[in-house]
Amino acid sequence: MRRVNESVRQVLSEALPELKDPRIGFVTVTGVETSPDLRQARVFVSVLGSERKRERSLDGLAAA
């Protein structure tokens, strides 16, 4: 399962720069936890910037 989580993390990290939402700032995918059936994943991110920038980035990611 660790290899799957790392593969999903890598794919998401590579896809982030392709998102064109101006609200998304400097975001790093730090980890992924997938469910045993691989239908859901919890993605952990780190956002650089002020509290307002973090909130806007998270809103942009949720919309994407």
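Going by the structure above, here's the rest.
We now turn to the structure provided with this report. (Residues numbered from 1 in each chain as written. Predicted model: local features only at pLDDT ≥ 70, side-chain atom pairs only at ≥ 80, totals over all residues. Heavy atoms only, no water.)

If you walk through the whole model with that rule in mind, you get 4 salt bridges. Two residues, E6 and R9, come together in a salt bridge whose shortest N-O distance is 2.6 Å. Linking E6 with R9, this pair stays in helix α1 (residues 2–15), spanning 3 residues, or about one helical turn. Taking the relative accessible area as the measure of exposure, E6 reaches 39% and is therefore partly exposed. (Salt bridge = Lys/Arg side-chain N within 4 Å of Asp/Glu carboxyl O. Helix = DSSP H or I, 4+ residues; strand = E, 2+ residues; numbered from the N terminus. Buried < 20%, exposed > 50% of the residue type's maximum accessible area, 1.4 Å probe, protein only.)

Relative to the helices and strands, S35 is located in the loop between β1 (27–34) and β2 (41–47). Among the residues examined, S35 registers a relative accessible area of 18% and is labelled buried. Within the local environment of S35, its side chain forms a polar contact with the side chain of D37, the two groups lying 2.6 Å apart. When sequence neighbours within four positions are dropped, the list of residues in contact with S35 reads M1 and Q40. (Polar contact = N/O pair within 3.5 Å; in protein donor to acceptor, adjacent residues only side chain to side chain. Contact = heavy atoms within 4.5 Å.)

Let us now look at the nonpolar core. Generally speaking, soluble globular proteins have nonpolar side chains that are buried together. In this structure, L16, I24, V27, V29, V32 and V47 together form the largest nonpolar core, which totals 6 residues. Sorting elements by how many residues they give to this core places β1 first, with 3 residues. (Core = buried A, V, L, I, M, F, W, Y, C linked by side-chain atoms within 4.5 Å.)

It is worth spelling out a nonpolar patch on the surface at this point. A surface patch of nonpolar side chains, amounting to about 270 Å² of accessible area, comprises L12, V43, V45 and L58. Checked against the element boundaries, L58 lands in helix α2 (residues 51–63). For L58, a relative accessible area of 43% gives the class partly exposed. (Patch = residues over 30% accessible without salt bridge, like charges linked within 9 Å, V, L, I, M, F, W, Y side chains within 5 Å. Areas by Shrake-Rupley, 256 points an atom, 1.4 Å probe, with all protein chains shown as cover.)

Treat this as a map of the structure, not an account of what it does.
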